[in-house]
Every structure is written in C-alpha cells, then in structure tokens.
Amino acid sequence: ICIIFNGYTFPEVVVKERHAVGVIENSLYMTLKKQNISDLLALKMAEVYAWQIDFYRIQDGDNFRVIFEEKFIDDEFVGVGIIKAAHFQHWKEDFYAFYYEQNGNSEYFDEKGNSLRKAFLKSPLKFGRMTSSFNRRRFHPVLHKFKAHLGTDYAAPTGTPIHATGDGIVIEAQYKSNNGNYVKIRHNGTFMTQYLHMSKIAKGIRSGVAVKQDQVIGYVGMTGLATGPHVCYRFWKNGEQVNHRNEKVKP
C-alpha cells in the first residue's frame, strides 16, 4: 500500500501495537534482545522515565511491562513508535507511565495523574555507565591520594552528547586545568549543575545563554584530570555540592 503526495508515491508506514514483559538480567538491552525487541525501545523507555529512574543503577531483578508501537514498511521493521503505557519496578519501587495526548500536546503521567516531567533529569547522558559515585573520601586515580569526589562520573565514548539536566542560565563555559572543558548552569536561587571533562563545548553555549532541559551543551571527553572519557556531573544546593541521586526535587 502506498501514499501519493504531490505526485510522489511513498510506501505506507504500518504501525502495530506490541506488549513486552521482562526481568532485567545484566542489562535492559540484553533483556530486550532475548525477546527479539529492538534496543531502540530501551532508549524510548529511558526518555519516558528520564525524571524517575537512573538507568545507570538498574539491577538484576528489576522488571517491566510495556505496551508500545512498532513501525513497518512492506513488512520490514523500521522503528519504535510511541510507548502507550509502561510499568517499571526498580529497586522494588513501582513506576507507572501512561501516554496522553490533547490539543496536539503529548505527555506521560503516573497512575495518580501526575506528570512524569520534573525539574531535573536523573542523568546528563542518555546511556553509559556510572563509574564513580559521590564520595567525600575517594582515592583519586590521577593524583594518587584520597580526595573528596563531590560529583558522579558517567563513562561513555568520546563525543557522546551531554544534556542539561534542567532549564537555566549558563554562568560558566570554559577550560580549566583540572576540570577540562566544562559548563556550569544556574537553574534558580537554589540549584546549580556542572558538567566536566568535555571533549568540546556545544556550539552557542557560553556564559549568559539560556538553556532548556535535555538540550545538548557539550560532548563527552577526557580533558583536565581524567583517565578516560566521561562526564563528571556536579550538583549544588544552596551553595553546597550534594549527591544529586539523593535529592527529591519537586517539578
């Protein structure tokens, strides 16, 4: 079946609904692969739950149910569409997501009708792995001495996009010897975030520029004091660096 538009013929995209259930073993990717489901669904799920679940902390035994769309052209799979509904049990806590569209706007809500969108994303990277957590007494791999590590390290290949975790104004975007290329954002009178060791800062990102949540502000690298490509993500609350994974920030 084809669609004719302005004299051109296009193959029709057929959308089919699919239901998947799984228990995490090793990773979400591997769990989906065993069911012959595209790993694109993992990316979609990470986007839906970006404000609720830190996908770097998923553990064996976490489980999920999801209703989603798959797209086909001439019976050939071409992509994952909308996630209609999902339930993800992470660390024995239940997270629900229901898709709703009204007046051209779409959003996800929990089982109580609350929007899943929050003030901050759980991580500045879509996927990767957490290599070092917030620790007030960590042995530094470069300096070879115990030193407070007031951030969370996420490793990923050089060039991986780094996203602003919340709306705000860039207050620093520069290079310093220890931090390498970095960006610091003021979100409001309470919170600031910082992103270190970038290979490069994204075009147009400079002091005074307003950025939106999920906007790409730079790319993973290993500039400054770093032993491998990663981003060190730092989170300030009332002028003090804190562990962002312990903060409960309201929308």
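Provided above is the structure to which this section pertains.
Residues numbered from 1 in each chain as written. Predicted model: local features only at pLDDT ≥ 70, side-chain atom pairs only at ≥ 80, totals over all residues. Heavy atoms only, no water.

Caption draft 1: Spotlight on the overall build of the chain. Helices and strands together make up the secondary structure of the chain, namely two helices and 19 strands. Seen along its three principal axes, the alpha-carbon backbone of the chain occupies a region of about 65 × 45 × 35 Å. A total of 251 residues make up the chain; the buried ones form 44% of that total. Within the chain, residue pairs in contact and separated by at least 24 positions form 59% of the contacts whose partners lie at least 6 positions apart. Looking at the chain as shown, the accessible area adds up to about 14,000 Å², and 49% of this sits on carbon and sulfur atoms. The average position of the 33 basic charges and that of the 25 acidic charges among the side chains of the chain differ by 11 Å. (Helix = DSSP H or I, 4+ residues; strand = E, 2+ residues; numbered from the N terminus. Buried < 20%, exposed > 50% of the residue type's maximum accessible area, 1.4 Å probe, protein only. Contact = heavy atoms within 4.5 Å. Areas by Shrake-Rupley, 256 points an atom, 1.4 Å probe, with all protein chains shown as cover. Lys, Arg positive; Asp, Glu negative; His and termini not counted. Charge placed at Lys NZ, Arg CZ, Asp CG, Glu CD.)

Caption draft 2: Here's a closer look at the environment of His 187. Considering the arrangement of structural elements, one finds His 187 in the loop between strand 14 (180-186) and strand 15 (191-201). Not counting residues within four places of it along the chain, the set of residues in contact with His 187 comprises Phe 120, Gly 166, Asp 167, Gly 168, Met 192, Thr 193 and Tyr 195. At a separation of 2.7 Å, a polar atom in the side chain of His 187 contacts the side chain of Thr 193. (Polar contact = N/O pair within 3.5 Å; in protein donor to acceptor, adjacent residues only side chain to side chain.)

Caption draft 3: Quick look at the packing of aromatic side chains. With the rule as written, the count across this model stands at twelve aromatic pairs. Ring plane angle 75° and centroid distance 5.5 Å describe the contact between Phe 120 and Phe 191, whose orientation is recorded as edge-to-face. A residue pair is termed long-range when its members are at least 10 positions apart, and Phe 120 in the loop between strand 7 (105-109) and strand 8 (129-132) and Phe 191 in strand 15 qualify at 71 residues. Residue Phe 191 is classed as buried on the basis of its relative accessible area of 10%. The interplanar angle of 40° and the centroid separation of 5.4 Å between the aromatic rings of Tyr 195 and Tyr 233 together place this pair among those described as tilted. One end of the pair, Tyr 195, is in strand 15; the other, Tyr 233, is in strand 18 (residues 230-237), with 38 residues separating them in the sequence. A relative accessible area of 0% means that Tyr 195 is categorised as buried. A relative accessible area of 1% means that Tyr 233 is categorised as buried. Just above the ring of Phe 72 sits the side chain of Lys 16; from NZ or CZ to the centre is 4.9 Å. Here the guanidinium or amino end of Lys 184 rests over the ring plane of Trp 236, the centre of that ring lying 4.1 Å away. (Phe/Tyr/Trp six-rings, centres within 6.5 Å; stacked < 30°, edge-to-face > 60°. Lys NZ or Arg CZ within 6 Å of the ring centre and 35° of its normal.)

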